[in-house]
Structures are given as structure tokens and as C-alpha cells.
Amino acid sequence: MKLCYLVLLIGLFSGSKVSGQTDLQRAFRECGIKGSTTIYDYKNQKWIYSDSMDAQKLSLPASTFKIINLLIALETKVIRDENEVVKWVGKTDTTLYGYRPEIYKDMTVREAFEVSAGWVFIELAKKIGRKNYTKYLKACHYGNVDLSEKGADFWNFGHFGISPQNQVTFMKAVYEEKLPFSKRNYEILKKVMVVEKTKDYTIRAKTGWTRDGGIDSGWWVGYVESRENTYFFATRISKKRLEPNPNFGQCRKTITKTILKQIKAI
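Below is a summary of the structure that appears in this document. (Residues numbered from 1 in each chain as written. Predicted model: local features only at pLDDT ≥ 70, side-chain atom pairs only at ≥ 80, totals over all residues. Heavy atoms only, no water.)

1. Points about the overall build of the protein
Secondary structure assignment for the protein yields ten helices and nine strands. Its C-alpha atoms give the protein a radius of gyration of 18 Å, near enough to 18 Å, the size a compact globule of 266 residues would have. Principal axes of the C-alpha set define a box for the protein whose edges measure 50 × 45 × 40 Å. When each of the 266 residues of the protein is scored for burial, the buried share is 50%. Residue pairs in contact within the protein that sit at least 24 positions apart in sequence constitute 65% of those at least 6 positions apart. As displayed, the protein has an accessible area near 12,800 Å², and 52% of this comes from carbon and sulfur atoms. Averaged over its 44 positive side-chain charges, the protein has a centre that lies 2 Å from the centre of its 28 negative ones. (Helix = DSSP H or I, 4+ residues; strand = E, 2+ residues; numbered from the N terminus. Rg over C-alpha atoms; globule rule 2.2 N^0.38 Å. Buried < 20%, exposed > 50% of the residue type's maximum accessible area, 1.4 Å probe, protein only. Contact = heavy atoms within 4.5 Å. Areas by Shrake-Rupley, 256 points an atom, 1.4 Å probe, with all protein chains shown as cover. Lys, Arg positive; Asp, Glu negative; His and termini not counted. Charge placed at Lys NZ, Arg CZ, Asp CG, Glu CD.)

2. A look at the state of the cysteines
Evaluation of the coordinates by the stated rule reveals one disulfide. Two residues, C31 and C251, share a disulfide whose sulfurs are 2.0 Å apart. The chirality of the disulfide connecting C31 with C251 is left-handed, given an S-S dihedral of about -100°. One end of the pair, C31, is in helix α2 (residues 26-31); the other, C251, is in helix α10 (residues 248-262), and 220 residues separate them in sequence. (Disulfide = S-S within 2.5 Å.)

3. A short note on the pairing of strand β9 (residues 230-240)
Burial of β9 is extensive: nine of the eleven residues sit out of reach of the surface. Where strand β2 (residues 34-41) lies against β9, eight bridges are found, and the strand directions are antiparallel. Along β9, the bridge assignment pairs T38 with A234. Here strand β8 (residues 215-226) runs beside β9; their pairing, made up of eleven bridges, is antiparallel. Within β9, the position partnered with D216 by the bridge is K239. Hairpin remark: β8 followed by β9, antiparallel, with three residues in the connecting loop. (Pairing = 2+ DSSP bridges.)

4. A closer look at the side chain of R236
With respect to the helices and strands, R236 occurs in strand β9. Polar side-chain contacts of R236 include one of 2.8 Å to the backbone oxygen of K57. Polar side-chain contacts of R236 include one of 2.9 Å to the side chain of S59. (Polar contact = N/O pair within 3.5 Å; in protein donor to acceptor, adjacent residues only side chain to side chain.)

5. Let's talk about the nonpolar core
One finds Y133 and L137 to be the most contacted residues of the largest nonpolar core, which totals 58 residues. Those residues within four positions of L137 in sequence are excluded, and the remaining contacts are F65, I68, Y142, V145, L147, F154 and F160. (Core = buried A, V, L, I, M, F, W, Y, C linked by side-chain atoms within 4.5 Å.)

6. A word on the packing of helix α3 (residues 66-75) against helix α7 (residues 130-139)
α7 packs onto α3 with a crossing angle of 120° between their chain directions and a minimal axis gap of 11 Å. The orientation of α3 with respect to α7, classified from their angle, is oblique. Considering the relative orientation of α3 and α7, their crossing is right-handed. Here α3 contributes I68, N69, I72 and E75 to the contact with α7, which in turn contributes Y133, Y136 and L137. Partitioning the contact of α3 with α7 into residue classes produces five nonpolar, one polar and one charged. (Axes fitted to C-alpha atoms, helices over the stretch in contact; angles between N-to-C directions. Parallel < 35°, antiparallel > 145°, perpendicular 65-115°, else oblique. Left-handed = near helix turned anticlockwise from the far one by under 90°. Nonpolar A, V, L, I, M, F, W, Y, C, P; charged D, E, K, R; others polar.)

Structure below.
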């Protein structure tokens, strides 16, 4: 917790202007969901919050952890590049991870990142090891570094946690390439992260969804880059698993893009 508190202080008092915009909650009401979007305006060094309190709360990063996980796997040479093929392990826990037959096959790390095939990154995690995770998570000021979860995927279950503001601070450091990773590995990650490209902007991002503790927690984390500016964002939504909302998954992106349009980032 001390580490996360330090990161929070750095984020708040590094010369950035902090601003709250309560009208940004409209996108959440329209989606019928609770959550927050945290944005950093790079050019103007300004924080934009839909909910400044929620921006500081920690929760499991779910598959957004694949961003730093890919960098660590590359840096530790567990994989050579994003095109390395990981062999299908033969089975997975469909109770924990849902039934997704389309991902039960050999696949490249890049494809696993794009379709969020958790089993691939669990296999990489077993090779990376907790010692390496502790080293890189601390060096990157990523989350609370609580790796007490016994399962390999501590980013989906257990007490590991990161706040939306910490997610944004980390993405900014990735963009600036100020973390302990090689130029080559940054380039691989940034290439793999592209989810939308137009003549006006490029969005690099990763979704996440975990069901730990009877709660659906969904993320969309990344940044949008144009000729004029770059905006880093982290949207997190949540609901009780028993509460039906068929649009839950899509709401992560819908809310984010609505707010990015409101602030004229896209």
C-alpha cells in the first residue's frame, strides 16, 4: 500500500493540473452502469475525472495486465517476440474463465493479446516467475505488488490491485518509454496494442474483465494519439454478477469513447 500511495502522490503533485468534470457521469447513466473514467491530457498536463474518488480505488487489473505482462515476458526472454506460438495446454477451467472454444488452440502471443486468451498468459506467467514479477512491478510502480494469490494468474484473482489513476500513470510511462524495457519491446507492445486507426487518431488499448468475489469488473485502458495531442485513459465499470446487463462488455468502450468525444480527444 505504501508503494501505491507514493505513486498516487507523484501523479497528483508532478505539476499536473487536476480537474473534475461531474457531467462526464452521463455516459455511465446512459449505459446503466457504475464506474469511472480517468484521463490524462498530455499536452496540457491536466487530469480529467468522471469520479476522482473512484480513480484512486484499487481493484484487480484483469486482462489489462497483459500490457505489462507482454513487456515482462519479452524482457525476460520468456518469448522472443509477439509471433511466438504457445501450444494449447489441452484444458482450462471454464467455470473460472468461461467457455470460449474459439481460443482453445495453438496461437501466437499477438493473437492471444488481441482476443484476450488468458490461458496463454498463464503459461507465460509460470515461466516468468514471482521473483521477476516483483522486480518489474516495483520498478514500474505498478499496483500494490501483492502477489499472495497462489494461482498463476494473480491479476484475475486475489489481493493484487491497481487504481485507474495508476493505470494511466503507467500508460504514460510506457508511451514515454521511461520504464526498464528495451526500445524493441516497447515497439512490439505498441504495435500489438493498436485497436483502432483512422486518418485523425490511433487508439492503443486493452480490455479486461474479472469475476472475482461475485463482482463483474471491467476495464478499458490505453491511450489515443493524434497529431495534436495524446490522451491516456482508464475506464473501470462494475456490477454484481447476478445483475443482468448484456451490454456490460461493450459499455467499457462505449463510455470511454463517449467521454473522449466530449473532451474533443477524438
